[in-house]
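Each chain, letter by letter, is given below.
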Amino acid sequence: VNSATSFVLSSILTLLIFSGMQMYKPLLIRSPITIIFGGYLGSLMFLFFVTAVGNLEATLFGKNFQLKLPEIVLSMAISLIAAGMVHRICFTTCLIFSLMTIYYMNKLSQKTYAAVAPVAAPTKSRRHK
């Protein structure tokens with residue numbers, strides 16, 4: 001899909017995850033496993049929010065525009081606040097899962113979009129005595 005459609009889909013998924021976390025807050029804080037799952041949902045919200053912001057910028061500024069650190073920090077802060085509204089341990093697990101998510105997103109991006117630089121062939125130097 002193009003950037004504009006992806007922006008709309010990512011925004012809708014971000015709002016659905018946020019509202020689901022708030023609606024099912026009593027279920028998410030029942031046991032330690034569900035609290036960790038709440039942090040995981042927060043990291044999914046982070047993933048979709050970063051995708052939405054990146055696609056909005058690609059739509060407005062062109063395909064070659066890349067996300068920078070401020071956009072990622074803003075997305076992280078919003079998802080951490082949303083997870084913290086559920087439970088304070090959700091905040092911590094959301095942070096851990098989101099850092100893992102951004103690491104693997106960067107790794108995948110480097111693999112997909114990195115320009116391969118040509119490797120210079122080694123030259124043999126001749127020394128005459």
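Residues numbered from 1 in each chain as written. Predicted model: local features only at pLDDT ≥ 70, side-chain atom pairs only at ≥ 80, totals over all residues. Heavy atoms only, no water.

1. Regarding the UniProt feature "transmembrane region" (unreviewed entry) in the protein
Sequence positions flagged by UniProt for "transmembrane region" (unreviewed entry) are, in local numbering, residues 6-24, 36-56 and 76-104. Spanning residues 6-24, this segment combines 95% helix with 0% strand, and its end C-alpha atoms are found 26 Å apart. Across residues 36-56, the secondary structure splits into 100% helix and 0% strand, with the terminal C-alpha atoms separated by 30 Å. (UniProt positions renumbered as here; feature names shortened; annotations may be inferred. Helix = DSSP H or I, 4+ residues; strand = E, 2+ residues; numbered from the N terminus.)

2. A closer look at the environment of Ser 43
Among the secondary structure elements, Ser 43 is positioned in helix 3 (residues 32-61). Overall, Ser 43 belongs to the buried group, its relative accessible area being 2%. Linking Ser 43 and Cys 90, residues 47 residues apart in sequence, is a C-alpha distance of 9.7 Å. Among residues more than four places away in sequence, those in contact with Ser 43 are Cys 94, Phe 97, Ser 98 and Thr 101. Of the polar contacts made by the side chain of Ser 43, one reaches the backbone oxygen of Tyr 40; its length is 2.7 Å. (Buried < 20%, exposed > 50% of the residue type's maximum accessible area, 1.4 Å probe, protein only. Contact = heavy atoms within 4.5 Å. Polar contact = N/O pair within 3.5 Å; in protein donor to acceptor, adjacent residues only side chain to side chain.)

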